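Next come the chains, spelled out residue by residue.
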Amino acid sequence: MDEITKRYRRYLRLERNYSENTLDAYLRDLKKLQNYMSANGLDYRDVQLSDLQTFAASLHDIGIHARSQCRILSGVRTFFRFLEEQGEVEQDPSELLESPQIGEHLPEVLSLEEVDRIEASIDLGKREGQRNKAIIETLFSCGLRVSELVALKMSDIYKDEGFIRVFGKGNKERLVPISEKALKEIYWWFMDRNQIIIKPGEEEYVFLNCRGTHLTRTMILIMVKKQALEAGITKTISPHTFRHSFATCLLEGGADLRAIQAMLGHERIRTTEIYTHIDTVKLREEILKHHPRNIKKD
C-alpha cells in the first residue's frame, strides 16, 4: 500500500493538478479506508462494493457528519478509479457506491453594513491594523478563498487595469476584478509593509506578518474571528464568509450567475447556484456594475 499511495499522490499532483492542501485532504481520507481494510483483513485488490458500503456505514456510526462522509467517499471513488486506470484492479468496486443525502446548506453571509462594522473596529494604530483592513476588504471585494489570498503576490496586482491574478484549486489561473477601495486599502498597507524587514524568498507576497514572512490560513482565520467579535458580530464567520458575502451581494444586485461562477473559480455552475436562494431577481449586467464596492456614489 505504501507504494500504491506514493503513486496515487503523484497522480493527484501531476495529472489532477491538485494543490498541497487538497492532496493532504485526499490522503487523510484514504488513510481512513486503509485503516478499515487493515482491521478487516482486506487487500485493495479484493475490495467489493459490499465492503465499501460497510465502510460508509462505519463513518456514520462513529459520528462523522454527512457532508464529510460525502467528501471521504468521493475520495474513495477517485482512488479506485486510479487503481482501475493503473490496472491494479479489474473493475472499480466504487462505481455504484452511493453517498448519503444531505440537505442544502445555506452559507452564513454578511451584509455590507456588517463588513463596514468589522473594518471600523480595526485599530489602525496597531502595526497590523491596516494590513488586516486590507485583507478583509480584499476578501469581500474579490471573493477570494483564503488560500488564494495568502498566496497573492505583488506581481499578481494589475492596478491600472483593476484586476488581480489568482491561482485557485488545481493551480488554475483566473483574473478577478478588484475594487478601487480594496486597491486603496492595499496601497495604505504597503506604507507599513515597507517598514518590515522581509525574509529572503518572501519579498513577493502581498500580506506579511511582523516577522517578514507570508501569512498562513490559520493566522487569517484567527484574525477574522477576533475582529468580528470586537465588531459585535454574533454570526459564526470565517474568511470564507466574505467569499459567500461577495457572491450574495452580486446576485442580489442582479449580476449574471455565469459571471459569478467565473469570479469565484467554480468548475461547475451547480456549485454557484447555492447563492440563488438569496434572491431571484433578473440576472442582467456584468459583475462590476453590481458589487456595492464598485457602485459610484452620487
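Residues numbered from 1 in each chain as written. Predicted model: local features only at pLDDT ≥ 70, side-chain atom pairs only at ≥ 80, totals over all residues. Heavy atoms only, no water.

Caption draft 1: Region of the structure containing the pairing of strand β2 (residues 163–167). Only one face of β2 is covered, namely the face carrying I164 and V166; the face carrying F163, R165 and F167 is uncovered. Alignment of strand β1 (residues 157–158) against β2, held across two bridges, turns out to be antiparallel. Among the inter-strand pairings, I157 is bridged to a residue of β2, identified as I164. What sits between the antiparallel neighbours β1 and β2 is a turn of four residues, in which G162 has the positive phi angle 75°. With five bridges joining them, β2 and strand β3 (residues 173–177) adopt antiparallel strand pairing. Note on β3: the bridge partner recorded for F163 is P177. Counting the residues in the hairpin turn of β2 and β3 gives five residues, including G170, whose phi is positive at 70°. (Buried < 20%, exposed > 50% of the residue type's maximum accessible area, 1.4 Å probe, protein only. Helix = DSSP H or I, 4+ residues; strand = E, 2+ residues; numbered from the N terminus. Pairing = 2+ DSSP bridges.)

Caption draft 2: Molecular detail of the state of the cysteines. Per the stated rule, a full pass over the model turns up zero disulfides. Not part of a disulfide, C249 finds its nearest cysteine sulfur in C142, a span of 13 Å. The exposure class of C249 is buried, given its relative accessible area of 13%. (Disulfide = S-S within 2.5 Å.)

Caption draft 3: Molecular detail of the sheet that holds β1. Taken together, the three strands give an open sheet; going across it, the order is β1-β2-β3, and neighbouring strands pair in antiparallel fashion. Only two strands of the sheet have a single neighbouring strand rather than two, namely β1 and β3.

Caption draft 4: Local environment of the environment of A56. Position of A56 relative to the elements: it lies in helix α3 (residues 49–61). Judged by relative accessible area, which is 15%, A56 ranks as buried. Once residues within four sequence positions are removed from consideration, A56 is found in contact with Q69 and L73. (Contact = heavy atoms within 4.5 Å.)

Caption draft 5: Seen up close, the packing of aromatic side chains. Using the criterion set out here, one finds eight aromatic pairs in the structure. Ring centres 5.1 Å apart and planes at 40° place the aromatic pair Y11 and F82 in the tilted group. Of this pair, Y11 sits in helix α1 (residues 2–15) while F82 sits in helix α4 (residues 66–85), placing them 71 residues apart in sequence. An identical accessibility class is assigned to Y11 and F82; each is buried. Judged by centre distance (5.1 Å) and plane angle (35°), the rings of Y18 and Y26 are tilted. Among the aromatic residues, those joined into a ring-pair cluster are Y8, Y11, F79, F80 and F82. Over the ring of Y205 we find K153; its NZ or CZ atom is 5.2 Å from the centre of that ring. (Phe/Tyr/Trp six-rings, centres within 6.5 Å; stacked < 30°, edge-to-face > 60°. Lys NZ or Arg CZ within 6 Å of the ring centre and 35° of its normal.)

Caption draft 6: Just the side chain of D51, in detail. Within the secondary structure, D51 sits in helix α3. It turns out D51 is buried and unbridged, and the closest side chain with the opposite charge, R45, is 14 Å from it. (Lys, Arg positive; Asp, Glu negative; His and termini not counted. Salt bridge = Lys/Arg side-chain N within 4 Å of Asp/Glu carboxyl O.)

Caption draft 7: Representation of a negative patch on the surface in the model. A surface patch of negative charge is lined by E15, E84, E85 and E95. Taking relative accessible area as the criterion, E85 reaches 54% and is therefore assigned exposed. (Patch = residues over 30% accessible without salt bridge, like charges linked within 9 Å, V, L, I, M, F, W, Y side chains within 5 Å. Areas by Shrake-Rupley, 256 points an atom, 1.4 Å probe, with all protein chains shown as cover. Charge placed at Lys NZ, Arg CZ, Asp CG, Glu CD.)

Caption draft 8: Just the packing of helix α6 (residues 129–142) against helix α8 (residues 180–193), in detail. Running from N to C, α6 and α8 point in directions that differ by 155°, and their axes come no closer than 8 Å. Taken together, α6 and α8 sit at an angle that is classed as roughly antiparallel. For the pair α6 and α8, the crossing hand works out as left-handed. Between α6 and α8, the contacting residues are Q130, R131, K133, A134, E137, T138 and S141 on the first element and K181, A182, E185, I186, W188, W189 and D192 on the second. In terms of residue class, the contact of α6 with α8 is built from five nonpolar, three polar and six charged. (Axes fitted to C-alpha atoms, helices over the stretch in contact; angles between N-to-C directions. Parallel < 35°, antiparallel > 145°, perpendicular 65-115°, else oblique. Left-handed = near helix turned anticlockwise from the far one by under 90°. Nonpolar A, V, L, I, M, F, W, Y, C, P; charged D, E, K, R; others polar.)

Caption draft 9: Broad picture of the nonpolar core. Core analysis: the largest hydrophobic core is formed by 50 residues, its most contacted members being I118, I164, F207 and F242. Looking at this core, the elements with two or more residues in it are α5 (112–120), α6, α7 (146–150), β2, α8, α9 (217–230), α10 (239–253) and α11 (257–264). Contact partners of I118, with chain neighbours within four places excluded, come to L110, I136, Q227, A228, A231, I233, I237 and F242. Of all hydrophobic cores here, the second largest spans 28 residues; its members include Y36, I64, V76 and F82. (Core = buried A, V, L, I, M, F, W, Y, C linked by side-chain atoms within 4.5 Å.)

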